Amino acid sequence: MVSEASIWAILLLPLAAFVVIGLVVRPFLNRYAWVSGILLIIALAAALALSVLTLDAVIRSGEPHFEGRQWLDVGGAVIELALLIDPLTAIMLVVVTGVSLMVQIYSLGYMRGDPSYARYFAYMALFTASMLGLVLSANIIVLYAFWELVGVSSYLLIGFWHERPAAAAAAKKAFLITRIGDVGFLIAILYLFLQGDRFAAAGLNPFHIPDIWQAAQPLAAGGAVLGGVGLTWLTLGIFSGAMGKSGQFPLHSWLPDAMEGPTPVSALIHAATMVAAGIFLVARFYPVFQAAQHALTVVALVGGFTALFAATMGLVMNDIKRVMAYSTVSQLGYMMAALGLGAFPAAIFHLVTHASFKALLFMVAGNVNHATGTFNMRYMGGLWRRMPLTYALVLIGGLSLVGIIPFAGFWSKDEILSAAWSDGWHGGGPAALWAGKLTLVFLLTGVLLTAFYTFRMIYMTFHGEFRGGAEQERADLAAEGQPNTGHLGEVHLAESPIFMWFPMVLLGVAAVFSGYLLNPQWVEEFGIPKHWITEFLIEGLKSTPLAGVVHLEVPAFNRWMAAVSTVIALAGIGLASVLYLRRSAASKDPLEAIKPVHALLSRKYFVDELYEDVIVRRSFYNGMVRAVDWVDRVVVDGVVDAIGLVSRNLGPNFLSRFQTGEVQAYGVALTLGSLLILLGFLVF
Amino acid sequence: MDTGFSGLLTATVFLPAAGAVFILLLVRGDRNIRVVAAMVAVADLVLTLLVFGLFSRGDDAARFQFIDQFTWIPGETLRANYLLGVDGLSAPLVALTGILGLCAVLASWRIETRVREHFVWLLVLQTAVMGVFSSLDLLLFFLFWELELVPMYMLISIWGTGRKEYSAMKFLMFTILGSAFMLVAIVAVFLTPDVGTFDMRALSTQGTMLGAGVLLPLGALFWLFFIGFAIKLPVWPLHTWLPDAHTNAPTAASVMLAGVLLKMGGYGLLRINVGMFPAQAQQFAWALVTLGVISVLYGAVVTLRQTDLKRLIAYSSVSHMGLVLVGIGSIGVTHGALTSAGLNGAAMQLFTHGTITGLLFLGAGLVYDKTHTRYIPDLGGLAGRMPLVAAGLLIAGFASLGLPGLSGFVSEVLVFLGAFRAYPWPTALAVFGIVLAAGYILWMMERAFFGVRRDRFADISDASLIEALPMAILVITIVGVGIYPSILTDVFEFGLSPIVALIPVGLP
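Just so you know, these numbers come straight off a predicted model, no measurement behind them.

A few points about the overall build of chain A
Line of reasoning, step 1. Regarding its fold elements, chain A presents 28 helices and two strands.
Line of reasoning, step 2. Scored against the burial criterion, the 684 residues of chain A give a buried share of 61%.
Line of reasoning, step 3. Long-range contacts, defined here as pairs at least 24 residues apart, represent 78% of the contacts in chain A between residues at least 6 apart.
Line of reasoning, step 4. Total accessible area computed for chain A in this model is approximately 25200 Å², and 68% of it derives from carbon and sulfur atoms.

Digging into the overall build of chain B
Line of reasoning, step 1. A tally of helices and strands in chain B yields 22 helices and two strands.
Line of reasoning, step 2. Here the C-alpha atoms of chain B give a radius of gyration of 22 Å, agreeing with the 23 Å that 2.2 N^0.38 yields for 508 residues.
Line of reasoning, step 3. Considered along the principal axes of its C-alpha atoms, chain B spans approximately 70 × 60 × 40 Å.
Line of reasoning, step 4. Within chain B, buried positions represent 71% of all 508 residues.
Line of reasoning, step 5. Within chain B, residue pairs in contact and separated by at least 24 positions form 82% of the contacts whose partners lie at least 6 positions apart.
Line of reasoning, step 6. Surface exposure of chain B reaches about 14500 Å², of which carbon and sulfur atoms provide 67%.
Line of reasoning, step 7. Computing the positive centroid from 27 side-chain charges and the negative centroid from 28, chain B places the two 9 Å apart.

A short note on the environment of B:Gly332
All names here are of chain B.
Line of reasoning, step 1. Considering the arrangement of structural elements, one finds Gly-332 in the loop between helix H14 (309-328) and helix H15 (341-371).
Line of reasoning, step 2. Through-space distance from the C-alpha of Gly-332 to that of Val-289 is 9.0 Å; in sequence the pair is 43 residues apart.
Line of reasoning, step 3. Residues contacting Gly-332, with those up to four places away along its chain left out, are Gln-282, Ala-285, Ala-422 and Tyr-423.

Considerations on the pattern of salt bridges
Line of reasoning, step 1. Throughout the structure, instances matching the rule amount to 19 salt bridges over all chains.
Line of reasoning, step 2. A salt bridge links A:Arg60 to A:Asp56, with the nearest nitrogen and oxygen atoms 2.8 Å apart. Placement of the pair is A:Arg60 and A:Asp56 together in helix H2 (residues 34-61), with a separation of four residues, close to one helical turn.
Line of reasoning, step 3. Salt-bridge contacts for B:Asp308 lead to B:Arg374; the nearest nitrogen and oxygen are separated by 3.2 Å. Of this pair, B:Asp308 sits in the loop between helix H13 (285-304) and H14 while B:Arg374 is found in the loop between H15 and helix H16 (382-385), placing the two residues 66 residues apart along the sequence.

Some details on the interface of chain B and chain A
Often, the extent of an interface is quoted as the loss of accessible area upon association of its parts.
Line of reasoning, step 1. Every contact between the two is made by 83 residues of chain B and, on the other side, 64 residues of chain A.
Line of reasoning, step 2. The largest per-residue losses of area from chain B upon contact with chain A belong to B:Arg305, B:Leu417 and B:Phe420, which jointly make up 11% of the total buried on that side.
Line of reasoning, step 3. Viewed at the interface, chain A and chain B are joined by two salt bridges.
Line of reasoning, step 4. Scanning the region where chain B abuts chain A turns up 14 residue pairs in polar contact (both at pLDDT 80 or more).
Line of reasoning, step 5. Tallying contributions element by element places helix H7 (residues 164-191) of chain B first for the side of chain B that touches chain A, with eleven residues.
Line of reasoning, step 6. When grouped by side-chain class, the residues that make up the side of chain B that touches chain A number 55 nonpolar, 17 polar and eleven charged.

Side note on the pairing of strand S1 (residues 69-74) of chain A
Residue and element names in this part refer to chain A.
Line of reasoning, step 1. For S1 and strand S2 (residues 77-81), the ladder comprises five bridges, and the chain directions are antiparallel. Residue pairing for S2: Leu-72 is matched across the bridge by Ile-79.
Line of reasoning, step 2. The loop that links S1 with its antiparallel partner S2 comprises two residues; one of these, Gly-75, has a positive phi angle of about 50°.

Some words on the environment of A:Ile158
Line of reasoning, step 1. With respect to the helices and strands, A:Ile158 occurs in helix H5 (residues 140-158).
Line of reasoning, step 2. If we skip the residues at most four places from it in the chain, A:Ile158 touches A:Ala167, A:Ala170, A:Ala171, A:Ala174, A:Ala258, A:Glu260, A:Gly261 and A:Ile269.

Here we look at the nonpolar core
Line of reasoning, step 1. Among the nonpolar cores identified, the biggest contains 452 residues, and A:Ile140, A:Tyr155, A:Phe285, A:Leu339, B:Phe398 and B:Phe449 are the most heavily contacted of them.
Line of reasoning, step 2. Ranked by residue count, the leading element in this core is helix H16 (residues 344-372) of chain A, at 18 residues.
Line of reasoning, step 3. Once residues lying within four places of it in the same chain are set aside, the contact partners of A:Leu339 are A:Ile279, A:Val282, A:Ala283, A:Tyr286, A:Leu296, A:Val299, A:Phe344 and A:Ala347.

Observations regarding H5(A)
Residues and elements named next belong to chain A.
Line of reasoning, step 1. An ideal rise of 1.5 Å per residue puts 27 Å on 19 residues; H5 measures up with 26 Å between its terminal C-alpha atoms.
Line of reasoning, step 2. Most of H5 is tucked away, with 19 of its 19 residues classed as buried.
Line of reasoning, step 3. The N-capping residue of H5, defined by a side-chain oxygen 2.8 Å from the backbone nitrogen of Ile-141, is Asn-139.

Let's talk about unusual backbone geometry
Line of reasoning, step 1. Of the consecutive residues A:Phe249 and A:Pro250, the connecting peptide bond is found in the cis state with omega at 5°.
Line of reasoning, step 2. Within the secondary structure layout, A:Pro250 lies in the loop between helix H9 (228-245) and helix H10 (254-257).
Line of reasoning, step 3. Omega for the peptide link from A:Ile405 to A:Pro406 comes to 5°, which places this bond in the cis form.
Line of reasoning, step 4. Its place among the elements puts A:Pro406 in the loop between helix H18 (388-402) and helix H19 (408-421).
Line of reasoning, step 5. Positive phi, close to 45°, is recorded for B:Arg114, a residue that is not glycine.
Line of reasoning, step 6. Considering the arrangement of structural elements, one finds B:Arg114 in the loop between helix H3 (91-107) and helix H4 (115-134).
Line of reasoning, step 7. On the basis of relative accessible area, B:Arg114 is assigned to the partly exposed category, the value being 34%.

Describing the confidence of the model for chain A
Detailed reading of the predicted coordinates is not advisable wherever pLDDT is low.
Line of reasoning, step 1. Per-residue confidence for chain A averages 82 on the pLDDT scale, and 88% of its residues sit at or above 70.
Line of reasoning, step 2. This model gives residues 646-663 of chain A a pLDDT under 50, and the stretch forms 23 contacts once residues within four places in sequence are excluded.

Section: the environment of B:Phe5
All names here are of chain B.
Line of reasoning, step 1. If you trace the backbone, Phe-5 turns up in the segment before helix H1 (8-26).
Line of reasoning, step 2. Judged by relative accessible area, which is 46%, Phe-5 ranks as partly exposed.
Line of reasoning, step 3. Between the alpha carbons of Phe-5 and Val-333 there is a distance of 40 Å; along the sequence they are 328 residues apart.
Line of reasoning, step 4. Once residues lying within four places of it in the same chain are set aside, the contact partners of Phe-5 are Thr-10, Ile-67, Asp-68, Gln-69, Phe-70 and Tyr-82.

Overview of H15(B)
Line of reasoning, step 1. Taking 1.5 Å of rise per residue, the 31 residues of H15(B) would be expected to cover 45 Å, and the 43 Å separating its terminal C-alpha atoms lies within 8% of that figure.
Line of reasoning, step 2. In terms of burial, H15(B) is largely enclosed, as 29 of its 31 residues are buried.

Quick notes on the confidence of the model for chain B
Residues and elements named next belong to chain B.
Line of reasoning, step 1. In this model, chain B carries a mean pLDDT of 87, and residues with pLDDT of at least 70 account for 95%.
Line of reasoning, step 2. Within chain B, the element-level pLDDT minimum falls on H16, averaging 82, and the maximum on H3, averaging 94.
Line of reasoning, step 3. Interface confidence for the predicted complex, expressed as ipTM, amounts to 0.92; the pTM equals 0.91.

Quick word on the side chain of A:Asp86
Residues and elements named next belong to chain A.
Line of reasoning, step 1. If you trace the backbone, Asp-86 turns up in the loop between S2 and helix H3 (87-110).
Line of reasoning, step 2. Among the polar contacts listed, one links the side chain of Asp-86 to the backbone nitrogen of Thr-89, at a separation of 2.9 Å.
Line of reasoning, step 3. Looking at Asp-86, its side chain comes within polar contact range of the side chain of Arg-284, at 2.9 Å.
Line of reasoning, step 4. Excluding residues within four positions of it along the chain, Asp-86 makes contact with Val-58, Glu-63, Trp-213 and Arg-284.

Digging into the packing of aromatic side chains
Line of reasoning, step 1. Applying the stated criterion to the full structure yields 39 aromatic pairs over all chains.
Line of reasoning, step 2. Summarising the aromatic geometry, the rings of A:Tyr155 and B:Phe398 are spaced 5.5 Å apart at their centres and angled 90° between planes, so their arrangement reads as edge-to-face. Of this pair, A:Tyr155 sits in helix H5 while B:Phe398 sits in helix H17 (residues 387-400), each in a different chain. Grouping residues by exposure puts A:Tyr155 and B:Phe398 together as buried.
Line of reasoning, step 3. Where B:Phe141 meets B:Phe229, the ring centres are 6.4 Å apart and the plane angle is 80°; that geometry is what we call edge-to-face. One end of the pair, B:Phe141, is in helix H5 (residues 138-147); the other, B:Phe229, is in helix H9 (residues 218-232), with 88 residues separating them in the sequence. Taken individually, B:Phe141 and B:Phe229 each receive the classification buried, so the pair is uniform in this respect.
Line of reasoning, step 4. By the ring-pair criterion, three or more aromatic residues cluster together here, those being A:Tyr117, A:Tyr120, A:Phe121, A:Tyr123, A:Phe160 and A:Trp161.
Line of reasoning, step 5. Directly above the aromatic system of B:Phe52 lies the positively charged group of B:Arg57, at a separation of 5.7 Å from the ring centroid.

Conventions adopted
One numbering rule holds for all chains: residues counted from 1, following each sequence as written. All chains are assigned letters beginning at A, and all ligands numbers beginning at 1, according to the order in which they are written. Local features in this predicted model are restricted to residues whose pLDDT is 70 or higher, and side-chain atom pairs enter the listing and the counts only when it is 80 or higher, whereas totals over whole chains, interfaces and linings include all residues. Hydrogens and water are ignored here; the side-chain numbers use all heavy atoms of the structure. To qualify as a helix, a DSSP run of H or I must reach at least 4 residues; to qualify as a strand, a run of E must reach at least 2; elements of each kind are numbered from the N terminus. Accessibility here uses a 1.4 Å probe with only protein chains present; expressed as a share of the type maximum, an area under 20% marks a residue as buried, one over 50% as exposed, and anything in between as partly exposed. Contacts are assigned to residue pairs that have any heavy atoms within 4.5 Å of one another. Each accessible area is a Shrake-Rupley result for a 1.4 Å probe, and residues are judged covered by the shown protein chains and nothing else. C-alpha atoms define the radius of gyration, and 2.2 Å times the number of residues to the power 0.38 defines the globule rule. Charge counting follows a simple rule: Lys and Arg are positive, Asp and Glu are negative, and His as well as the terminal groups are ignored. For the purpose of locating charges, the reference atoms are NZ of Lys, CZ of Arg, CG of Asp and CD of Glu. Basic side-chain nitrogens of Lys or Arg form a salt bridge, by our definition, when they fall within 4 Å of a carboxyl oxygen of Asp or Glu. Put simply, buried area is how much 1.4 Å-probe accessible surface two parts lose in total, over both of them, once they are put together. Polar contacts here mean pairs of N or O atoms no more than 3.5 Å apart (in protein, one a potential hydrogen donor and the other a potential acceptor; neighbouring residues in sequence count only if both atoms are side-chain atoms). We call Asp, Glu, Lys and Arg charged. Ala, Val, Leu, Ile, Met, Phe, Trp, Tyr, Cys and Pro are nonpolar, and the rest, Gly among them, are polar. DSSP bridges decide pairing: two strands pair if at least two such bridges lie between them. Here the nonpolar core consists of buried residues drawn from Ala, Val, Leu, Ile, Met, Phe, Trp, Tyr and Cys, with membership extended through side-chain atoms lying within 4.5 Å. The span expected for a helix works out to 1.5 Å for each residue beyond the first. pLDDT expresses, on a scale from 0 to 100, how confident the predictor is about each individual residue. Only rings of Phe, Tyr and Trp enter the pairing, Trp through its six-membered ring, and a pair is recorded when the two centres are within 6.5 Å. The plane angle decides the type: under 30 degrees is stacked, over 60 is edge-to-face, the rest tilted. Here, over-ring charges are defined by two tests on the NZ atom of lysine or the CZ atom of arginine: distance to the ring centre within 6 Å, and angle to the ring normal within 35 degrees.

Here it is in structure tokens:
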């Protein structure tokens, strides 16, 4: 067993680091700002150790249960601070603390010399703590609170270089778009309280997550507390929050812009915190989603479509971080689709493997940026000679992302594809079946595109001839008369310092082995049982009050699916090799040959234009907001003036007769007036 | 009914006024005046915190405590008493007045013109507002309510900016119009046979107002009071005095105006409209929610259009005060039993918005002091030069858009939880206000504080210690309440439960 205090410590250690850095180091010891990085790393190392102990305890002796502490009790709304430790939480704790620790070590090197070093680590600490609180919470309102804190920390980190207008705008965009999703999540919570009396009748607390699971189950005494259309809307509300955070279409457009933040921030956002939160949220409420088949169908379709949609845009990006960003959106689509298809463990498995190789790939982008001063792949090339270690790591991360055996991504992606293939995944009707097949098509096409954009990225960056880096880009921009908005650095082609490559090597090891070791498909290895993580997560669901309701099966390894997806992936790699491997430095991107398609993709299907220009600027701001503002000034306030309370036109002339400039006189008049009213009252 | 005279509330209410008289007659020199005013404000803050801290909320505690009572106008005709006392609803608001009173005094440190008068009016204002929150006699309540107008009018029209006379007069006229309605209602209540009292304790007990033959229908009385309070809150469409008054008022007056004067409206709605006319409040809950949702959305939409820093904050107040009305409307419950969540959220919103908007106005005032402009497109990149002000405004902004861990979140969630049980669809609409709030707050931050620094702001300075102090006080309050909201919700719950108990159950 693991003690309650040690689990709280996992959350409180990074939180304490945030408070100490923010209130002590930043204001008083800013000369020793390097302390802040060390402080956070120590806190996270301890948190990681405790997380591993927690995971071990859950594996060995099942889920611990702890009493909650009351935070708020108002009019029947009882909100508790309580820990929910199940296999899902235990796995997430290790992923979050582990990846965050790697990212912080990397940041020591990457952020060196930044004048706001302490502020950076303070925000990072807050970010990690918020995510840990979200993962640990047993109360939906507390979960929502940490959910919002994750949002605000990402706002602060994306806009970390706030003097750059693009960064400030990207931060705002991320917060606003995710908040649109959060409205649905909040309304779902309100709906739970609306049903508060029914919960109470069943002895349940509408905000306690295990109680919500139970309320959705028809087995509960007297029928399900939650059911029918209400349940579907409830789950869709929760899903809308997840869509925002996990960048699912149509709320995906903030994620690529979020690249304006420092690169380690992107690594953290894309691997373990922010975007993983959406997947976690659906997984957390999986017992509720399982009772809402229509909602699951929506989840599957949105996820599958996003997986394909985002991958197409990744094909044409020239900014290495944007390729990664679309890749993340796409991979999150895979996870969401898995959840929708009933393969809840596969989604979490993929979340774990993806965390390792995507964090690694972002760090590669950071190294490349350190060496070339730019993120623009058109000015890179040939880096493998100068950065052999980084090159080896990008191959590992890339092959894992593409899903080539035996790298981690292969095993987890294969589970998702197998789930999409098998149609016995739930009791849904023909619509659900059709949706499952469609999703499979999306996902398989996505594999081809993933392989293509990944190797296009590797070839453009590491192969061919070096194309001059930031210096060349600066010269080109000057030649075209364009301002330098890319914040270009200096070129010094070399491998990065140890702080940067050390965590990368660890992540690289995870990207090779974690897939097979977490979920051995054939035989037990190193004492790890077959299908370990799948079984573990399913056991987690079954140990809730839902025994007998949860219908999840451990999928057998599907050789056919593995073969098909491997062939498709290899085809994608081959295609990229043909087009990009032997390309001369001067030639244009071969994809530009298909002009209309290239334009559509590189302009991101004009979604930004649609949202920001057509919807927000023209329709909302210049239409509705302007109209309401006009009404306010001319009609509402106009009536006031017209009545003559204070006439704008009469005002100066009318009032000036009394305006002696002696304001005291008004005061006396006013006081007398008030007294007069009272006096009249007394006489009356 | 408790009688007696404990003296604590009388001291709390009149200490600022006494300080004002002292400054007026005896203190010489601007510097001394400032110091004395600050000392008075600190002393009064201590007294208000004593009131809040000593307020007993146990099971056998009296509903109204710290009663100060003596016969004021003797005789059978009027039976007016000097009667002060607080319950769980007003005790936190008294504390809020103490906190913001000190902040307003500190924010006036840089005032150079007519220093003596400025601090005198500020302290008189504090007495008036404190009196409104602690009066338990309707006539006394009304007197304090009117008394507050004078200093605020002076503060805006003398130390204001822009169209200050227009704004001050508009503020005055609107409020006096509301007072007129309120006065008629007070007279009617008093003249109703079987009532014949100004004692608000008696008026807010079951039976006093019900059933008796009345001069005016109870519904009419409800609406007469409502108009008076709605103007103050303010409620759409009676809100247009507010942006003018806020924008043109000096910082200290804006802080007091947004921080506590608006709260008098919300307090009046809870104390009188709900507390004395529970059946009518429930009957008209749909109207309150409708007006509330309109205020929330309309206010937020108009806020999006503002380019003046202070005007933006002022319009956001319209939106956030709309939530008070939505929370009160929760008593028209349609799903399940009535809960106090919505009313508690409304009361919480009064407190949290007071601190949050106070902080926003302090920050805006500093920006104006240093840059001499409030036009947001002219600002930009200030965060590099004024990190303290930027941090203060960012925290206030996040609190304003309902970020958890800060106080605004608690009140918003409680309001929504309560109101959703009564009117799910309108409440769901109001929830979209949180997106709009994020829109205008983040736009304001981006344009004023982030982005490339302007050359002309190259040598502006950050907040000095005395300027940062009031911001720090409010930040601590906002974070403290956000993390440990029970410190307020428990007290409000204690004060609201007798009110909730009066609301008839089973009406549609």
